[in-house]
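What follows is each chain in one-letter form.
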Amino acid sequence: MNTNDKLVLAIPKGRILNAITPLMLRAGVELKDRLSEKYARQLQFATTDPNVEIVLVSSFDVVTFLAFGAAHLAIAGSDVLMEFNHPEVYTPVNLDVSICHLAVAAPAKQCSKKDSYRSSYMRVATKYPNLARNYFAQYGIQAECIKLNGALEMAPNLGLCCRIVDLVQTGSTLKANGLVEIAKIADVSARLAVNRTALKIRPRLVSELIERFRGAVSAT
Amino acid sequence: MNHGPIINPEKITTLPIGFRDILASRADAEAKMINVMMSIAISHGYIRVKPTLIEFENTLLKGPGAATSEKVFRLIDPISQRVIGLRADMTTQAARIASTTMIDAPRPVRLCYAGGVLHTTTNQLNPERELVQVGAEMIGNSTADADAEVILLAIELLRTVGVKWISVDIMIPALVPLLLADMQLPAEIFSVIRQAINQKDVATLKKLANSKSSILVGLLKIFGPYAEAMQDLEELDLPDKARDFLVRPAEVIKLITNFEPNLSVTVDPAESRGFEYHTGIAFSLFTRGGKNEIGRGGRYQSDEDPKSTATGFTIYLERVLQILPEDKQKPAVYIPYGTPHEQSKALRMRGQITVAGLTPVVDNYAEAKRMGCRSILLNGQTVALS
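Residues numbered from 1 in each chain as written. Chains lettered and ligands numbered in written order. Predicted model: local features only at pLDDT ≥ 70, side-chain atom pairs only at ≥ 80, totals over all residues. Heavy atoms only, no water.

Formally: UniProt positions are given in the numbering used here, feature names are shortened, and annotations may be inferred rather than shown by experiment.
If you look chain B up in an unreviewed UniProt entry, it shows as ATP phosphoribosyltransferase regulatory subunit from Candidatus Endolissoclinum faulkneri L5. A UniProt comment under Sequence similarities (unreviewed entry) is attached to chain B, and it reads "Belongs to the class-II aminoacyl-tRNA synthetase family. HisZ subfamily." Of the comments in the UniProt record for chain B, the one headed Pathway (unreviewed entry) reads "Amino-acid biosynthesis; L-histidine biosynthesis; L-histidine from 5-phospho-alpha-D-ribose 1-diphosphate: step 1/9."

Per an unreviewed UniProt entry, chain A goes by the name ATP phosphoribosyltransferase and belongs to Candidatus Endolissoclinum faulkneri L5. Listed under Subcellular location (unreviewed entry) in UniProt, the entry text for chain A is "Cytoplasm". In its Sequence similarities (unreviewed entry) section, the UniProt record describing chain A reads: "Belongs to the ATP phosphoribosyltransferase family. Short subfamily."

Things to note about the packing of helix α4 (residues 144-160) of chain B against helix α11 (residues 247-259) of chain B
The axes of two packed helices give the description: the angle between them and the distance between them. Residues and elements named next belong to chain B. What counts here: For helices, the axis comes from a line fit to the C-alpha atoms of the stretch in contact; other axes are also lines fit to C-alpha atoms, and the angle between any two N-to-C directions lies between 0 and 180 degrees. Segments assigned H or I by DSSP are reported as helices when at least four residues long, segments assigned E as strands when at least two residues long, and all are numbered from the N terminus. Relative orientations are named as follows: roughly parallel for angles under 35 degrees, roughly antiparallel for angles over 145 degrees, roughly perpendicular for angles from 65 to 115 degrees, and oblique for any other angle. Crossing chirality is assigned from the near helix's rotation relative to the far helix, an anticlockwise turn below a right angle marking it left-handed and a clockwise turn marking it right-handed. Contacts were defined at the residue level, with two residues in contact if any of their heavy atoms lie within 4.5 Å. Here the nonpolar group is Ala, Val, Leu, Ile, Met, Phe, Trp, Tyr, Cys and Pro; Asp, Glu, Lys and Arg are the charged ones; every other residue, Gly included, is treated as polar.
Running from amino to carboxyl end, α4 crosses α11 at an angle of 50°, the nearest separation of the two axes being 9 Å. Compared by their axis directions, α4 and α11 come out oblique. Where α4 crosses over α11, the two elements pack in a sense that is right-handed. From α4, A144, D145, D147, A148, I151 and L152 reach across to α11, where they touch R248, E251, V252, L255, I256 and F259. In the contact of α4 with α11, the residues fall into eight nonpolar, no polar and four charged.

A word on the interface of chain A and chain B
We count it as follows: Here the quantity called buried area is the total loss of accessible area, with a 1.4 Å probe, experienced by two parts when brought into contact, counted for both. In what follows, salt bridge is the name for a side-chain nitrogen of Lys or Arg lying within 4 Å of a carboxyl oxygen of Asp or Glu.
Every contact between the two is made by 24 residues of chain A and, on the other side, 31 residues of chain B. The junction of chain A with chain B conceals about 2400 Å² of combined surface from both sides, 53% of it contributed by carbon and sulfur atoms. It is F68, K200 and I201 of chain A in chain A that bury the most area against chain B; as a group they hold 23% of the surface buried on that side. Taken together, the links from chain A to chain B amount to seven salt bridges.

Structural notes on the environment of D96 of chain A
All names here are of chain A. Rules: Residue burial is assigned from relative accessible area. The probe radius is 1.4 Å, only protein chains are included, and a residue is buried under 20% of its type maximum, exposed over 50%, and partly exposed in between.
By the secondary structure assignment, D96 is in the loop between β5 (89-94) and β6 (100-107). The exposure class assigned to D96 is partly exposed, which follows from its relative accessible area of 46%. Residues D96 and A190, spaced 94 residues apart in sequence, show a C-alpha to C-alpha distance of 6.2 Å. With sequence-adjacent residues up to four places away left out, D96 is seen in contact with S189 and A190.

Regarding the domain arrangement of chain A
Residue and element names in this part refer to chain A. Note the following rule: An automatic or database domain assignment provides the domain bounds reported here. As used in this structure description, the phrase polar contact means that two N or O atoms lie within 3.5 Å; if the pair is within protein, one of them must be able to donate a hydrogen and the other to accept it, and residues adjacent in sequence are counted only when both atoms belong to side chains.
What the domain assignment reports for chain A is domain 1 (7-98 + 189-218) and domain 2 (100-187). The gap between the C-alpha centroids of domain 1 and domain 2 is 30 Å. Around 830 Å² of area is buried between domain 1 and domain 2 when both sides are counted, 55% of it from carbon and sulfur atoms. Across the contact surface, domain 1 and domain 2 share zero salt bridges. Put simply, domain 1 and domain 2 have three residue pairs in polar contact (both at pLDDT 80 or more) between them. Its residues assigned to classes, the side of domain 1 that touches domain 2 comprises three nonpolar, three polar and three charged.

Comments concerning the environment of P331 of chain B
Residues and elements named next belong to chain B. Checked against the element boundaries, P331 lands in the loop between α12 (317-323) and β13 (332-335). Taking the relative accessible area as the measure of exposure, P331 reaches 39% and is therefore partly exposed. On a C-alpha basis, the gap between P331 and R374 in space is 5.7 Å, while along the polypeptide they are 43 residues apart. Dropping the residues within four chain positions of it, P331 is found in contact with I353 and R374.

Things to note about the sheet that holds strand β10 (residues 179-188) of chain A
Residue and element names in this part refer to chain A. Put simply, the rule reads: Note on pairing: two strands pair once DSSP finds at least 2 bridges between them.
One open sheet accounts for five strands, arranged β8-β7-β9-β6-β10; its pairing is mixed. Both outer strands of the open sheet, β8 (142-147) and β10, are each paired with one neighbouring strand and no more. Between one strand axis and the next, the sheet turns by 30° as a mean value, whatever way the strands run. In the packing of helix α5 (residues 129-137) onto the sheet, the strands contacted are β6, β7 (121-126), β8, β9 (163-168) and β10, and the crossing angle to β8 comes to about 165°.

Some thoughts on the sheet that holds β13 of chain B
Residues and elements named next belong to chain B. If you trace the four strands from one edge of the open sheet to the other, you get β14-β13-β15-β16, paired in mixed fashion. Each edge of the open sheet carries a strand with a single partner, namely β14 (353-356) and β16 (381-384). Ignoring strand direction, the axes of neighbouring strands in this sheet form an average angle of 35°. Two strands pair when backbone bridges link them, and strand β15 (residues 375-378) and β16 are joined in this way by four bridges, in the antiparallel orientation. Within the sheet, the bridge partner assigned to S375 lies in β16 and is A384.

Shown next as structure tokens:
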């Protein structure tokens, strides 16, 4: 556990960051040095709240930092939170931004044929092997998950797999690669997450921050 | 250019995942810590027991032991041909002793123990599969004073070995199941609701639950310093049955804070994960610097006999060792070959560590340095190495 006196809030770079900036403003946690060119390589930031410091990490690493207590709080996609499903993490606030969903997609030409004889085995490319495995297991399908970090949409067409499990926002990327969504696994949005030990040993500071984010969400 | 392997597979001699040797001052610190903790528990009238490393699966997994099922390494006993398990937790073993060999001992029976346990499971956050468990159990007394006694004992043990700041988190694991039963939820959303509660996920709970869920939502927002938390709980519109569950925590908190006025005590009434077998109050012990709780415990039913209500605690020794500053290995004195035994014995009597030379060497100073000693015994005098 990070014993820094300040609360460390981990925030993912990329997609979620832009979406949460207005919320953070309303919650009174604003980056002191804006993410300008000058600070492009900086990863640790002071905020307008003297008790809170921000660290910028990749979207999948946010939950790891949080689970280990290197960060006390984090903003993370519910997709990543579900994938790791750490018992050491609470998710008290749905920030209701960066909304998309996690879906199964397959090549359009494959889906035109009705396959009433489903195989009990399937190869699936995904960034979410745990979620994908559990999802298919519900249907009696042993999913062999190939962990990819990007360009998933190409995988079925290149013969790497027959299904992908990925985030879908508008569906245009799927369409452009000749894929269709065949099932929705879960709705996804950004959450405020809290490390269990941090909440137990610094309950006042942590719950005050939780309430500020709750207030910021309901003000939208 | 050579493209041969840079790693020689024959040279890989690691232990299985989650196992590690403990060396030098750390191994010593662990053993000393166990001794200190056990002697304190014994001084409070707890009888030390040393349960077996293995047991038949059915007794190991009885009652509260069922929660450890997935962690138990199993093998077949070549003699009885029955499945035996390597213990993953010693609490059940203490309970078994109390209800078998110590059945006639006057109640309450107070037991303490320390020993290794093995877990099949491992994860990134808790990779260790071999752990040392230190604990104490009080079987056969249902009072709040018994609950308070084990909490205070756990704190005393931790304080004595050097954990300065401790926070006790009090939980009421039976409260959420009671409220859920009252809500009569459809079976298919039950596990999702349970998960939402475990994660303090207010938004999901609001979406899923029915009109009675406002109590649960209120409950999820209550956690923290005991005075406010207990007050908030009183003000929550709880059913009468649930209200009864608040009496014991209030009594126990009063007892422990009377004794330890400066102790940090928090309450988290919605938390129950990992405490599914607990029947009364449960608690976790936290400290700054630990990534996780350093101990936990609470009230449970040690066997079917209603009189066998028990309360106790477990301390995770690895986690305690991790947060304490590591003892430096004491510097040793090199004893050149041929030095009279009385001289080195005198040093040891004064608490020094001696390392004896086994053959005559040309340069005793160089040999002392090679052996990692800080000084050398020459003509009855210890001389520091430069």
